[in-house]
Amino acid sequence: MNTDLLRTFLEVAKTRHFGHAAENLYLTQSAVSSRIKQLEDTVGVQVFTRQRNNILLTPAGERLLSHAENLLAAWQLAVQEVGAPRQQDMQLSIGGTSNLWDTFLQSVLPKLASHFPNLYMRTEINQSQHLIRSLLGGRLDIAVVLDAPTNIDLESRKIGNLELIMVCNLPDRSLADVPAIGHVFVDWGTAFNLQQARLFAEPVAPILNTGQSHIALEFVLSHKGAAYLPRALVEPYLKQQHLYQVKNAFEMRQDVHMVYARDADKSLPLGPAIRFIEELDIKPEDPLQEQ
C-alpha cells in the first residue's frame with residue numbers, strides 16, 4: 001500500500017474538502033483527486049461521496065479510517081525506531097489533549113529525559129477519543145486525559161489536577177453578566193462541561209467554542225468574553241489586572257489521568273516510565289509565561 005494514498009485519504013477525511021487537503025499537503029487539487037481515485041481502485045470501493053462541495057465518507061470510508069491511521073502510525077513508528085540512535089534504547093510515546101500540553105504536560109518531558117538518559121520520546125496532540133483509540137491500537141504507550149476511560153483493556157491513574165476559574169477582561173463582573181459579555185466555552189472534559197452547561201438559567205450560545213486554552217485566553221484578553229481557564233495560566237494576568245475573576249462563578253478542580261494498556265506498568269520497557277510519572281508532583285503551569 002502506498003502510504004501517500006493513505007495520508008491523502010486522511011487529510012481529505014479531516015478537511016472534508018479536496019482543495020483544503022491539497023493546500024495542507026502542498027499538492028494540486030488534481031493530484032489529490034488522482035490519489036483518492038487510486039486508493040478507491042486499490043480497495044475496490046468508493047471511500048467518499050461527492051455532492052457539490054459536500055465531501056462525506058462512505059460507510060466503507062468510515063471503516064477504512066482507523067485502518068489507515070493504524071497503518072500510517074505503524075509505518076512512522078517503524079521508521080523512527082529503526083532510525084533512532086543506538087544509545088537511545090528506551091522508547092516512549094505519550095499523547096495528550098491540546099489543553100493539557102498547554103498547561104500541564106510540557107514540564108514532564110524534561111524530567112523524563114533527565115531521569116532516563118537513553119529515552120527516545122514521541123508526542124501526540126489529539127482529542128481524547130483519538131488518543132484512546134491510539135492506545136488500543138498500540139500507537140501510543142501513555143495518554144493523559146481529563147476523562148478516565150472505562151475500557152477493561154486500559155488502566156488509569158490520577159496524576160494531578162487543574163484548578164479552573166472563570167475570568168474576563170472587565171472588572172467587577174459576576175456570573176449574571178456573562179451572557180452580555182459573552183461566554184467562551186473551553187472543553188475541559190465531559191464532567192466539567194456538564195457543569196458549564198448548567199451555569200445559566202437560560203441556554204447561552206458561546207461566542208467561541210474551543211478545545212485550546214491559549215486560544216480562549218488570547219480571545220478574552222484582546223476582545224471580550226468570560227472563560228474557564230487554569231488558575232496557573234491566568235495568575236500573571238490577574239496580578240497585572242489584565243484579567244479579573246468573575247464573581248459568583250464556581251471554582252473546580254479537574255482531575256488529570258494517565259491511561260495505559262492493562263499491565264503495561266508491570267512491563268520492563270514501560271513500567272519504570274509509568275511509575276516515574278505517577279510519582280511526579282506535577283504542577284499546572286504556563287510555559288509561555290516563563291520564557
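Computed from a predicted structure; not experimentally measured.

Caption draft 1: View of the pattern of salt bridges. Inspection of the entire model under this criterion finds 16 salt bridges. The shortest N-O distance in the salt bridge between arginine 7 and aspartate 4 comes to 3.2 Å. Highlighted residues: arginine 7 and aspartate 4, both in helix α1 (residues 3–15), separated by three residues, approximately one helical turn. Among the residues examined, arginine 7 registers a relative accessible area of 37% and is labelled partly exposed. Close ionic contact of glutamate 163 with arginine 231 constitutes a salt bridge, the shortest N to O distance being 2.9 Å. Pair noted here: glutamate 163 is in strand β6 (residues 154–168) and arginine 231 is in helix α11 (residues 231–239), with a separation of 68 residues, a long-range link. The exposure class of glutamate 163 is partly exposed, given its relative accessible area of 22%. Here the salt bridges share partners, and the residues they tie into one network are Glu155, Arg157, Arg262 and Glu278.

Caption draft 2: The packing of helix α2 (residues 18–25) against helix α3 (residues 29–43), seen in detail. Closest axis-to-axis distance for the α2/α3 pair is 8 Å, and the angle between their directions is 105°. The pairing of α2 with α3 is recorded here as roughly perpendicular in orientation. Contacts between α2 and α3 involve Phe18, Gly19, Ala21 and Ala22 from the first element and Gln29, Val32, Ser33 and Ile36 from the second.

Caption draft 3: Structural detail: the packing of aromatic side chains. A complete count under the given rule lists six aromatic pairs for this structure. Between the aromatic rings of phenylalanine 18 and phenylalanine 48, the centroid separation amounts to 6.4 Å while the plane-to-plane angle is 70°, which identifies the pairing as edge-to-face. One end of the pair, phenylalanine 18, is in helix α2; the other, phenylalanine 48, is in strand β1 (residues 48–51), with 30 residues separating them in the sequence. One exposure class covers both phenylalanine 18 and phenylalanine 48, and it is buried. Taking the centre distance of 5.6 Å and the plane angle of 80° together, the rings of phenylalanine 116 and phenylalanine 276 count as edge-to-face. In this pair, phenylalanine 116 sits in the loop between α6 (108–115) and β4 (119–125) while phenylalanine 276 sits in helix α12 (residues 271–279), placing the two residues 160 residues apart along the sequence. Comparing phenylalanine 116 with phenylalanine 276 shows no difference in burial state: the two are buried. An aromatic cluster is present here, built from Phe9, Phe18 and Phe48 joined pairwise through their rings.

Parameters and conventions
- Residues numbered from 1 in each chain as written.
- Predicted model: local features only at pLDDT ≥ 70, side-chain atom pairs only at ≥ 80, totals over all residues.
- Heavy atoms only, no water.
- Salt bridge = Lys/Arg side-chain N within 4 Å of Asp/Glu carboxyl O.
- Helix = DSSP H or I, 4+ residues; strand = E, 2+ residues; numbered from the N terminus.
- Buried < 20%, exposed > 50% of the residue type's maximum accessible area, 1.4 Å probe, protein only.
- Axes fitted to C-alpha atoms, helices over the stretch in contact; angles between N-to-C directions.
- Parallel < 35°, antiparallel > 145°, perpendicular 65-115°, else oblique.
- Contact = heavy atoms within 4.5 Å.
- Phe/Tyr/Trp six-rings, centres within 6.5 Å; stacked < 30°, edge-to-face > 60°.

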